[in-house]
Amino acid sequence: TLDSLVEQACKQNFSLAQAAERITQAEAFSAQALGSRYPQLNIETSGNQSWGAEGNLDSRNLLGLKGVWDLDFSGRLKSKQLAREFELQSQYYALETAKLSITAQIANTYYHAVEQQQLFQLLKEQVHIDKELLALIENSFQGGIVSRVDVLQQQGQLADAESLLPVTELLL
């Protein structure tokens, strides 16, 4: 069915996978921009051991706490956060646009294929009807009811219909 074709195409399409990954990246950038507006605390540790001149083991351990808060008087951090949120939104829209485009392409191809199948069936039916009509016209010609022109016209119409069958079948 058309739904299953669209679902399968969306699962296997590399462009959609890339768009989804761009959303993940934009989410991370947005979270990073939001985090930069709040205080940041860093804990640093270091250790060092060495042998002293008297043969003693000298150990030094350091522990440091560093806090930073960038006060956003100019609105730079807020603007950066908003830009990242808009970027995230645009990536969502890009993904939806790509899905819609793929769905439209598949639907167009699907309906074209259905149309070609129906056209092929109609042509087969037309050939059958033209053959029956030719038999009737030939009987009428033998009975003297119609002229030879009518027989030739129906033969031409049958030939035209039969000539369309291979072309239509190739388009399926």
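Predicted model, so just to flag it, every value in this text is computed and none were measured. (Residues numbered from 1 in each chain as written. Predicted model: local features only at pLDDT ≥ 70, side-chain atom pairs only at ≥ 80, totals over all residues. Heavy atoms only, no water.)

Go over the overall build of the protein chain, please, and point to the residues and values.
From N to C terminus, the protein chain includes 4 helices and 2 strands. Along the protein chain, from the amino end to the carboxyl end, the secondary structure elements read α-α-β-β-α-α. Relative to the globule expectation of 16 Å for 172 residues, the C-alpha radius of gyration of the protein chain, 39 Å, shows a markedly less compact shape. Across its three principal directions, the C-alpha atoms of the protein chain cover 135 × 50 × 20 Å. Within the span of the protein chain, comprising 172 residues, buried residues form 17% of the whole. Contacts spanning at least 24 positions in sequence make up 63% of the contacts within the protein chain whose residues lie at least 6 apart. (Helix = DSSP H or I, 4+ residues; strand = E, 2+ residues; numbered from the N terminus. Rg over C-alpha atoms; globule rule 2.2 N^0.38 Å. Buried < 20%, exposed > 50% of the residue type's maximum accessible area, 1.4 Å probe, protein only. Contact = heavy atoms within 4.5 Å.)

Tell me about the environment of Q49, and please be specific about residues and values.
Relative to the helices and strands, Q49 resides in strand β1 (residues 40-51). Distance from Q49 to R60, taken between C-alpha atoms, is 6.3 Å for residues 11 residues apart in sequence. Residues in contact with Q49, not counting those within four places in the same chain, are L57, D58 and S59. Polar side-chain contacts of Q49 include one of 3.5 Å to the side chain of S59. (Polar contact = N/O pair within 3.5 Å; in protein donor to acceptor, adjacent residues only side chain to side chain.)

How would you sum up the pairing of strand β2 (residues 57-68)? Please name residues and give values.
The element β2 is largely exposed, with a buried count of 0 among its 12 residues. Looking at chain direction, β1 and β2 are connected through 12 bridges and run antiparallel. The residue bridging S50 from the neighbouring strand is D58, located in β2. Between β1 and the antiparallel strand that follows it, β2, lie 5 residues; G55 among them carries a positive phi value of about 85 degrees. (Pairing = 2+ DSSP bridges.)

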